[in-house]
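Coordinates in review
One-letter residues, chain by chain:
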Amino acid sequence: MAMRDAIPSVRIWTRELYTHLYKGTNWVHLNIEAQKELDTLLWLIHFCNGAPFTDPVHEDEVWIDSSEVGWGLTFKDKMTAKGQFPARVIGTSSTYRELYGLWSALKDDAVRTRIGGKTLRLNMDSNCSIRNLIKGGGPVRELVKMIKRIWVECNEIKTKLTPRWQRRNKPMMQEADDLSKTGMRWKVKASFQQKFRQQLG
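Residues numbered from 1 in each chain as written. Predicted model: local features only at pLDDT ≥ 70, side-chain atom pairs only at ≥ 80, totals over all residues. Heavy atoms only, no water.

**Considering the nonpolar core**
Put simply, the rule is: The definition of a nonpolar core used throughout is a set of buried Ala, Val, Leu, Ile, Met, Phe, Trp, Tyr and Cys residues joined through side-chain atoms within 4.5 Å. Accessibility here uses a 1.4 Å probe with only protein chains present; expressed as a share of the type maximum, an area under 20% marks a residue as buried, one over 50% as exposed, and anything in between as partly exposed. Strands here are runs of E lasting at least two residues and helices are runs of H or I lasting at least four, both read from the DSSP assignment and numbered beginning at the N terminus. Every residue pair with non-hydrogen atoms within 4.5 Å of one another is taken to be in contact.
Core analysis: the largest hydrophobic core is formed by 28 residues, its most contacted members being Leu73, Leu133 and Ile150. Going through the elements one at a time, strand 1 (60-66), strand 2 (70-75), helix 4 (94-106), helix 5 (109-115), strand 4 (119-124), helix 6 (127-135) and helix 7 (141-156) are the ones with two or more residues in this core. Ignoring sequence-local partners within four residues, the contact set of Leu133 consists of Leu99, Leu102, Leu122, Met124, Ile147, Ile150 and Pro163.

Structure follows, in structure tokens:
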């Protein structure tokens with residue numbers, strides 16, 4: 001599997017296989033996820049020509065950030081996009097929210113139209129998210145699944161991402177952070193509304 005360095009997508013789709021190989025036994029039982037990865041790996045071997053060994057030329061650049069409740073994105077020409085997280089994502093780890101925000105942005109129609117078919121410089125202030133994107137995941141399976149979902153979206157619109165860590169206080173990162181916090185909607189419980197009315201008459 002040394003070819004994972006030549007074909008970036010192999011790195012993403014062989015996490016479970018590596019887990020089994022590192023057990024050090026002659027025979028291993030592959031779970032369903034590992035079997036799926038093996039099928040994908042064989043497909044990549046037969047139909048992919050690998051990746052260039054030189055740094056890509058970036059056709060566009062984007063900054064994206066996630067807050068507790070949503071995500072925000074801005075391009076270098078100030079085009080922006082934003083969205084809110086479903087309730088099940090709120091309260092999850094910051095890395096999961098960062099990756100979920102990226103996945104959500106890749107599903108946004110305006111963003112897809114803008115970046116489709118391009119090599120994109122992706123700026124994020126989450127070092128853990130950047131490492132997961134570069135390595136194709138890590139020991140946390142939920143993050144690996146999210147990386148795969150991101151890869152599928154990019155593959156569908158023929159977009160290549162080059163992740164790069166950026167400091168949070170950079171102007172473009174700050175703008176993305178501000179966007180991730182705008183438009184927040186909080187639902188007040190009916191019991192609290194009733195108590196509030198009683199106290200104020």
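After presenting the structure, the write-up continues.
**Re the packing of aromatic side chains**
Going by this rule: Ring pairs are drawn from Phe, Tyr and Trp, using the six-membered ring of Trp, whenever the two centres fall within 6.5 Å, and their geometry is named by plane angle: stacked under 30 degrees, edge-to-face over 60, tilted for the rest. As a reminder, the over-ring test applies to NZ of lysine and CZ of arginine, requiring each to be within 6 Å of the ring centre and within 35 degrees of the ring normal.
Taken as a whole and judged by the stated rule, the model has three aromatic pairs. Three or more aromatic residues joined by ring pairs form one cluster here, namely Phe85, Tyr96, Tyr100 and Trp103. Over the ring of Phe75 we find Arg114; its NZ or CZ atom is 4.1 Å from the centre of that ring. Its end group placed over the ring of Trp103, Arg149 keeps NZ or CZ at 3.9 Å from the ring centre.

**Details of the pattern of salt bridges**
Here is the rule: The working definition used for a salt bridge is a side-chain nitrogen of Lys or Arg within 4 Å of a carboxyl oxygen of Asp or Glu.
What the rule picks out here adds up to 12 salt bridges. Salt-bridge contacts for Arg97 lead to Glu68; the nearest nitrogen and oxygen are separated by 3.4 Å. One end of the pair, Arg97, is in helix 4; the other, Glu68, is in the loop between strand 1 and strand 2, and 29 residues separate them in sequence. Overall, Glu68 belongs to the partly exposed group, its relative accessible area being 46%. A salt bridge links Arg114 to Asp77, with the nearest nitrogen and oxygen atoms 3.0 Å apart. Linking Arg114 in helix 5 with Asp77 in the loop between strand 2 and strand 3 (80-84), this pair joins segments that are 37 residues apart in sequence. Within the structure, one salt-bridge network assembled from shared partners comprises Asp60, Asp77, Arg114 and Lys118.

**Comments concerning unusual backbone geometry**
With phi around 80°, Lys78 is a residue other than glycine that occupies positive phi space. Tracing the chain through its elements places Lys78 in the loop between strand 2 and strand 3. The phi angle at Lys158 is positive, at roughly 60°, despite the residue not being glycine. You can see Lys158 is positioned in the loop between helix 7 and strand 5 (160-165).

**Thoughts on the confidence of the model for the protein chain**
Put simply, the test is: How sure the predictor is of each residue is captured by pLDDT, a score from 0 to 100.
Chain-level pLDDT for the protein chain is 82 on average; 70% of the residues reach the 70-or-more range. Predicted confidence is poor over residues 1-7, with pLDDT under 50, and the contacts of this stretch with residues over four places away or in other chains come to 15 contacts. Segment residues 47-54 is flagged for pLDDT under 50; beyond a separation of four residues in sequence, or across chains, it makes six contacts in the model.

**Side note on the environment of Leu99**
In this structure, Leu99 sits in helix 4. Discounting chain neighbours no more than four positions away, the residues touching Leu99 are Ser129, Asn132, Leu133, Leu143, Met146, Ile147 and Ile150.

**Some details on the pairing of strand 4**
Short version of the rule: By the convention used here, strands pair only if DSSP detects at least 2 bridges between them.
Among the six residues of strand 4, six are classified as buried, and the element is accordingly described as predominantly covered. Side chains Thr119, Arg121 and Asn123 of strand 4 all project onto a buried face; the interleaved residues Leu120, Leu122 and Met124 project onto the opposite face, where all are buried too. Bridge count between strand 1 and strand 4: four bridges; the pairing is parallel. Directly across from Asp60, in strand 4, lies its bridge partner Leu120. Sheet topology places strand 4 next to strand 5; six bridges connect them, and they run parallel. Among the inter-strand pairings, Leu122 is bridged to a residue of strand 5, identified as Pro163.

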